[in-house]
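Spelled out from the first residue to the last, the chains are:
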Amino acid sequence: MSRVIAMAFIVGMIGIGNGRQAEAQIQGIGVLVGPTFSSFRGNNSDAFNSRTGFAAGGFVGLELNGMIGLRPEFLYVQKGATRNITPSTTFKIEYFEVPVLFTVDVPMEGALGVQFYAGPQVSILSKCRADTQGGATGVPCATEGLPVKSTD
């Protein structure tokens, strides 16, 4: 939460630095879709293999001041891992993610350009379930002993 407040402060300072209010102009609206590859880290993480899922969502690009912009996004993202101990269990974790990206455009000659992105994000847990090979499916992760936070 403190990162979101810091980002809002930085964006506000950009507007103050110009001696006028920041006037955001819509630079673009788009859709994001693609694969995700995730796994677990930490103690006993070598007992898990990665899981492939997908992410989908949209964004709005806002121009704040010439080269400076803001890009809020809203995404649905699948994550998780598969425990490689027999019988194997696949942990399917689904999040709604809201990144707020600060953008900087680097001017270049020609049709190509470079853009840098940085900023905070918050992930809100939508669903966490475990499917065991040859056994129960849709079991809550907590029942399988996987502690998952509701926000990240």
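Data block above holds the structure.
Predicted model only: the values in this text are computed from it and were never measured.

> When you look at the overall build of the protein in this model, what are you seeing that I'm missing?
Counting its secondary structure elements, the protein contains one helix and seven strands. Order of helices (α) and strands (β) in the protein, N terminus to C terminus: α-β-β-β-β-β-β-β. Looking at the protein residue by residue over its 152 residues, the buried ones come to 32%. For the protein, long-range pairs separated by at least 24 residues make up 57% of all intrachain contacts whose partners lie at least 6 apart in sequence.

> Looking at this structure, I do not really get the state of the cysteines. What am I missing?
Disulfides are covalent bonds that connect the sulfur atoms of two cysteines. Scanning the entire structure with this criterion turns up one disulfide. A sulfur-sulfur distance of 1.9 Å marks the disulfide that ties Cys 128 to Cys 141. A torsion of -90 degrees about the S-S bond marks the disulfide between Cys 128 and Cys 141 as left-handed. Pair noted here: Cys 128 is in strand β6 (residues 121-132) and Cys 141 is in the segment after β7 (139-140), with a separation of 13 residues, a long-range link.

> Explain the pattern of salt bridges here, please?
Where charged atoms from two side chains of opposite charge come close, those side chains can pair. Taken as a whole and judged by the stated rule, the model has five salt bridges. A salt bridge links Glu 73 to Arg 71; the nearest nitrogen and oxygen atoms lie 2.9 Å apart. Note on accessibility: Glu 73 and Arg 71 belong to one class, buried. With a closest N to O distance of 3.5 Å, Glu 144 and Arg 83 form a salt bridge. With Glu 144 in the segment after β7 and Arg 83 in strand β3 (residues 68-83), the pair connects residues that are 61 residues apart, well separated along the chain. Classification of Glu 144 as partly exposed rests on a relative accessible area of 28%.

> Quick question: what am I supposed to make of the side chain of Asp 131 here?
Its place among the elements puts Asp 131 in strand β6. Within the local environment of Asp 131, its side chain forms a polar contact with the side chain of Lys 92, the two groups lying 2.9 Å apart. Discounting residues that sit within four places of it in the chain, Asp 131 has contacts with Ser 88, Thr 89, Thr 90, Lys 92, Ala 136, Thr 137 and Gly 138.

> Teacher, can you tell me more about the nonpolar core here?
In terms of nonpolar packing, the biggest core is built from 11 residues, these being Phe 40, Ala 47, Phe 48, Ala 81, Phe 91, Ile 93, Tyr 95, Cys 128, Ala 130, Cys 141 and Leu 146. Elements with a contribution of two residues or more to this core: β4 (89-106) and β6. Broken down by element, this core gets its largest block of residues, three residues, from β4. Beyond its immediate stretch of four places on either side in the chain, Tyr 95 contacts Leu 75, Tyr 76, Val 77, Lys 79, Ser 123, Ile 124, Leu 125, Ser 126 and Val 148.

Conventions and cut-offs
Residues numbered from 1 in each chain as written. Predicted model: local features only at pLDDT ≥ 70, side-chain atom pairs only at ≥ 80, totals over all residues. Heavy atoms only, no water. Helix = DSSP H or I, 4+ residues; strand = E, 2+ residues; numbered from the N terminus. Buried < 20%, exposed > 50% of the residue type's maximum accessible area, 1.4 Å probe, protein only. Contact = heavy atoms within 4.5 Å. Disulfide = S-S within 2.5 Å. Salt bridge = Lys/Arg side-chain N within 4 Å of Asp/Glu carboxyl O. Polar contact = N/O pair within 3.5 Å; in protein donor to acceptor, adjacent residues only side chain to side chain. Core = buried A, V, L, I, M, F, W, Y, C linked by side-chain atoms within 4.5 Å.

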